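Observations on the three-dimensional arrangement
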Amino acid sequence: MGNKVNEPVSVIYDKFENKTTTKMKNPVSFGGFGSSFKLMLRHVSMPAGDILVLDINYDGDDWFFLRQGELIININNVENMVLKPKESYTDTYTSYHDVHCVESDYYELTQEQLKRICDANTIDIKISGAQEEKIFQANLFIMYAQRFYNAVYDNNAYQDSLKGGCLKEGLKGLLILVIVYFIFFLIFAICVLISYLYD
């Protein structure tokens, strides 16, 4: 792996397990009110072999049950790459008196599958749970995958993607989401105040 100034990945070495974990520094986010999904590529190198996975984090107002569904990556409106989840974590937390459900899973990928994503012209992603599914247009994920492939597998591949604003666009989308949530909360607070004043 090259030592680029704007390296999009972080590398962690565990000397006790002789394990090196390489992952993207920032996730790609999808969704909005009620539920959001964050996807992040991660590569683990161990003496027993290497593993490539796509991590997913769900945050919503109800359980999605990722472990009972699948993730399908549609490439160029033709090929469907079907990935099965391996549950790793579930939890809840409270925010502004609302209970949120959190689920974290991962899907195993091969280098060849990642290469097909990198070479795609269009990407759509369908995330399904027990009884619900979400579909997202995800062309941003192509450049995201290219940057990861360049950092982990081949420093000469997809060099043009390093000039793009993949991570900046992802952060921009997150900022917009935060602003929308703030406006929603502000409207809610004003409504509560008006209701209190006129009671």
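Every chain begins its residue count from 1, and numbering advances along the sequence as written. The model is predicted, so local features are restricted to residues of pLDDT at least 70 and side-chain atom pairs to those at 80 or more, both for listing and for counting; the totals for chains, interfaces and linings are taken over all residues. Only hydrogens and water are set aside when side-chain values are computed; all heavy atoms of the structure are taken into account.

Comment: axis = line fitted to C-alpha atoms, over the contacting stretch for helices; angle = value between 0 and 180 degrees taken between N-to-C directions. Labels follow the DSSP assignment, with helices taken as runs of H or I lasting at least four residues and strands as runs of E lasting at least two, numbered in each case from the N terminus. Direction vectors running N to C along helix α1 (residues 111-118) and helix α2 (residues 140-152) enclose 130°, while the axes themselves pass 8 Å from each other. Comparing their axes, α2 and α1 come out oblique. Here α1 and α2 pass one another in a crossing that is left-handed. Here Q111, L114, K115, I117 and C118 of α1 lie close against α2, whose contacting residues are F141, I142, A145, Q146, F148 and Y149. Within the contact of α1 with α2, the residues separate by chemical class into 8 nonpolar, 2 polar and 1 charged. Working definition: roughly parallel below 35 degrees, roughly antiparallel above 145 degrees, roughly perpendicular at 65 to 115 degrees, and oblique for all remaining angles. We call a crossing left-handed when the near helix sits turned anticlockwise from the far one by less than a right angle, and right-handed when that turn is clockwise. Contacts between residues were defined by any pair of non-hydrogen atoms, one from each residue, lying within 4.5 Å. For this scheme, ten residues count as nonpolar: Ala, Val, Leu, Ile, Met, Phe, Trp, Tyr, Cys and Pro. Four count as charged, namely Asp, Glu, Lys and Arg, and the remainder, Gly too, count as polar.

What follows concerns the packing of aromatic side chains. Note on ring pairs: Phe, Tyr and Trp rings are taken, using the six-membered ring of Trp, and paired if centres are within 6.5 Å. Classes follow the plane angle, with under 30 degrees stacked, over 60 edge-to-face and the rest tilted. All chains considered together, the criterion is met by 8 aromatic pairs. Taking the centre distance of 5.4 Å and the plane angle of 35° together, the rings of Y58 and F64 count as tilted. You can call Y58 buried: its relative accessible area is 4%. The interplanar angle of 25° and the centroid separation of 5.6 Å between the aromatic rings of F141 and Y144 together place this pair among those described as stacked. Note that F141 and Y144 are positioned in helix α2 at a spacing of 3 residues, about one turn of the helix. For every residue, the accessible area obtained with a 1.4 Å probe (protein chains only) is divided by the maximum for its type, and the residue is called buried under 20%, exposed over 50%, and partly exposed between those limits.

The salt bridge criterion pairs a side-chain nitrogen of Lys or Arg with a carboxyl oxygen of Asp or Glu, the two atoms within 4 Å. Going through the model one piece at a time under the given rule, you end up with 8 salt bridges. A salt bridge links K19 to E17; the nearest nitrogen and oxygen atoms lie 3.4 Å apart. On the basis of relative accessible area, E17 is assigned to the partly exposed category, the value being 48%. Among the ionic pairs, R116 bridges to E79, the shortest N-O distance being 2.6 Å. Of this pair, R116 sits in helix α1 while E79 sits in strand β7 (residues 79-83), placing them 37 residues apart in sequence. A relative accessible area of 26% places E79 in the partly exposed class. Bridged by salt links that share partners, the residues E79, E112 and R116 form one connected network.

Each residue carries a pLDDT value, the predictor's own confidence for that position, ranging from 0 to 100. Summing up the model confidence of the protein, the mean pLDDT is 88 and the portion of residues at 70 or higher is 88%. Every residue in residues 1-5 scores below 50 in pLDDT, and together they form 13 contacts with partners more than four places removed in sequence or on other chains.

Moving on: α2. Expected helix span is computed as 1.5 Å times (number of residues minus one). Spanning 13 residues, α2 covers 19 Å between terminal C-alpha atoms, matching the ideal 18 Å at 1.5 Å per step. Burial within α2 is extensive, with 11 of its 13 residues counted as buried. Here α2 has its buried residues at F141, I142, Y144, A145, Q146, R147, F148, Y149, N150, A151 and V152.

Moving on, we get to the nonpolar core. Judged by nonpolar contacts, the single largest core of 40 residues is most densely connected at L41, L71, I73, I123, I127 and F141. With 8 residues, the top contributor of residues to this core is α2. In contact with I123, other than residues within four places in its own chain, are I73, N74, I75, I117, F136, Q137, A138, N139 and I142. In this text, buried Ala, Val, Leu, Ile, Met, Phe, Trp, Tyr and Cys residues form a nonpolar core when linked through side-chain atoms within 4.5 Å.

Further remarks concern the side chain of E70. Mapping E70 onto the fold places it in strand β6 (residues 70-75). Of the polar contacts made by the side chain of E70, one reaches the side chain of K84; its length is 2.6 Å. Nitrogen and oxygen atoms within 3.5 Å of one another constitute a polar contact, given that in protein one can donate a hydrogen and the other can accept it, and given that sequence-neighbouring residues count only through two side-chain atoms.

Before going further, it helps to examine the sheet that holds strand β11 (residues 133-137). Strand order in the open sheet formed by 4 strands is β7-β6-β10-β11, and the pairing between neighbours is antiparallel. Two strands bound the open sheet, and with one partner strand each, they are β7 and β11. The mean inter-strand angle of the sheet, taken between neighbouring strand axes irrespective of direction, is 15°. DSSP-based pairing: two strands are paired if at least 2 bridges between them are found. Here β6 runs beside strand β10 (residues 123-128); their pairing, made up of 6 bridges, is antiparallel. Bridging across to β10, I73 finds its partner in I125. Against the sheet, α1 engages β6, β7 and β10, with an angle of about 140° to β7.

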